[in-house]
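# Breakdown of the fold
Take a look at the letters that make up each chain.
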Amino acid sequence: MLTPNEHQTYTEWGLVQIKALIPPQVVDPIRELVMERLRRREFWGSEGWIAPTDADGQKRLNTTIKEISRNTKSLRSILTDRVLDYARELVSGDEIELSSPIAQFLFTAPRSYVMNHDGQWDGEWEVPRSIWHLDMPRSAAMGAPGPEMFTFVNKVEPKGGGTLVLAGSHHLLNDVEYLSSKNVKRRLKRHTYFRELTGKGVDDRSRFLEEVGNIDNVPVKVVELTGDPGDVYFVDLRLLHSLGANTSDQPRMMIAQRMPKKEAFKTWMAMVGGKGREVTQESEGKF
Ligand SMILES: O=C(O)CCC(=O)C(=O)O
Ligand SMILES: [Fe+2]
């Protein structure tokens, strides 16, 4: 079902976009569910978004998002047979595991950023410097682990809170026995590009989106995941990624699902068992 070009893009850059893979009759009810909750909790009114005004309001919003996330039955309807078929095709027909969290709901309020809490955000969008991470450790024993699916529940425009990925970074450090997300980053800081991406210097950061750079002779580029409801990105689970600020007046609503190959997942879990807490946290997607 994927065209040879789509396969090649996925192999080369570690991600491929499939437009309108999920039909409106699947996505629309999910968006309605979310909006209904936001309205009921008074975060959405006739003029759109009603931002929390104090710490209490922020807490209520967090609770509301958790409440929405708990509707696993409704959210997981997004994992249609077509989505699963595409994922299997990307792992050469092998079996995939839908690893926890199931149909993870990703939300960023309008005009906000995850760093809001420390008062550091100035309202401007930039290619993020921090929170770059991996959802799983690097290990030669796992081989190519398979994709994570990202889809849009409502329209996500550029600078609207979409996930940022470092395309091409799946080619890096594949010969290591074992490296945690933190240690992968530590190793990559030997390279100028990665030091600049994650550094504090004041410079024009749009170049990371516009130009192909290189780390250890591997071409890399930052890609912002944007799209319409029902568009899907399959992203190699080895790609570094980070969170984007939402400068728009619409809530950023996406759903993510990790879909590792069954064999890779087993190897991963066996390693988690052996390595204890740090790895367990990482596999749960803590940054
Ligand atoms: O919210 C996002 O855009 C990305 C979230 C993420 O990377 C994670 O939960 O591991
Ligand atoms: Fe992640």
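You'll find the structure just up there.
Structure report, in brief. (Residues numbered from 1 in each chain as written. Chains lettered and ligands numbered in written order. Predicted model: local features only at pLDDT ≥ 70, side-chain atom pairs only at ≥ 80, totals over all residues.)

## Side note on the overall build of the chain
A tally of regular secondary structure across the chain gives 10 helices and 11 strands. For the C-alpha atoms alone, the extent of the chain along its principal axes is close to 55 × 45 × 40 Å. Sorting the 287 residues of the chain into buried and exposed places 37% on the buried side. Taking the intrachain contacts of the chain between residues at least 6 apart in sequence as the baseline, contacts between residues at least 24 apart amount to 85%. (Helix = DSSP H or I, 4+ residues; strand = E, 2+ residues; numbered from the N terminus. Buried ≥ 20, exposed ≤ 12 C-beta atoms within 10 Å, placed from the backbone. Contact = placed C-beta atoms within 7 Å.)

## Some details on the pairing of strand 4 (residues 104-108)
Working note: regular strand, side chains alternate between the two faces of the sheet. The element strand 4 is extensively covered by neighbouring structure, given that 4 of its 5 residues are classed as buried. One ladder, built from 5 bridges, connects strand 4 with strand 11 (residues 252-258); its direction is antiparallel. Pairing of Q104 across the sheet is with A256, part of strand 11. (Pairing = 2+ DSSP bridges.)

## Section: the packing of helix 2 (residues 24-40) against helix 3 (residues 55-69)
Helix 3 packs onto helix 2 with a crossing angle of 150° between their chain directions and a minimal axis gap of 10 Å. It follows from the interaxial angle that helix 2 and helix 3 lie roughly antiparallel. Seen from above, helix 2 lies across helix 3 with right-handed handedness. Of the residues in helix 3, those in contact with V34, R37 and L38 of helix 2 are T64, E67 and I68. Residue classes in the contact of helix 2 with helix 3 are distributed as 3 nonpolar, 1 polar and 2 charged. (Axes fitted to C-alpha atoms, helices over the stretch in contact; angles between N-to-C directions. Parallel < 35°, antiparallel > 145°, perpendicular 65-115°, else oblique. Left-handed = near helix turned anticlockwise from the far one by under 90°. Nonpolar A, V, L, I, M, F, W, Y, C, P; charged D, E, K, R; others polar.)

## Considering the environment of Y113
Structurally, the position occupied by Y113 is in the loop between strand 4 and strand 5 (147-152). Looking at Y113, the number of C-beta atoms within 10 Å reads 21, which means it is buried. For the pair Y113 and A264, spaced 151 residues apart in the sequence, the C-alpha separation amounts to 33 Å. Leave out the neighbours within four places in its chain, and Y113 touches W121, A245 and N246.

## Describing the sheet that holds strand 6 (residues 164-167)
Taken in spatial order, the 4 strands of this open sheet run 7-8-6-10, and their pairing is antiparallel. Sheet topology places strand 7 (213-215) and strand 10 (241-242) at the edges, where each strand pairs with a single neighbour. Looking at chain direction, strand 6 and strand 8 (residues 218-224) are connected through 4 bridges and run antiparallel. Paired with V165 across the two strands is V223, which belongs to strand 8.

## Description of the sheet that holds strand 5
Spatially, the 5 strands line up as an open sheet ordered 1-9-5-11-4, and their pairing is antiparallel. The open sheet has two edge strands with one neighbour each: strand 1 (15-18) and strand 4. Geometrically, the sheet is characterised by an average inter-axis angle of 20° between neighbouring strands, direction not taken into account. Bridge count between strand 5 and strand 11: 5 bridges; the pairing is antiparallel. If you follow M149 over to strand 11, its bridge partner there is Q257.

## Remarks on the nonpolar core
In terms of nonpolar packing, the biggest core is built from 62 residues, with L15 and F234 touching the most fellow members. Among all residues touching L15, those that are not within four sequence positions of it are Y10, V165, A167, V223, Y233, F234, V235, D236 and L239. (Core = buried A, V, L, I, M, F, W, Y, C linked by C-beta atoms within 7 Å.)

## Examining unusual backbone geometry
With the exception of glycine, the majority of residues adopt a negative phi angle, and the majority of peptide bonds are in the trans configuration. Cis rather than trans, the peptide bond between S100 and P101 has omega equal to 0°. Here P101 is to be found in the loop between helix 5 (81-90) and strand 4. Unlike most non-glycine residues, S92 shows phi in positive territory, near 55°. Classification of S92 by C-beta neighbours within 10 Å gives exposed; the count is 9.

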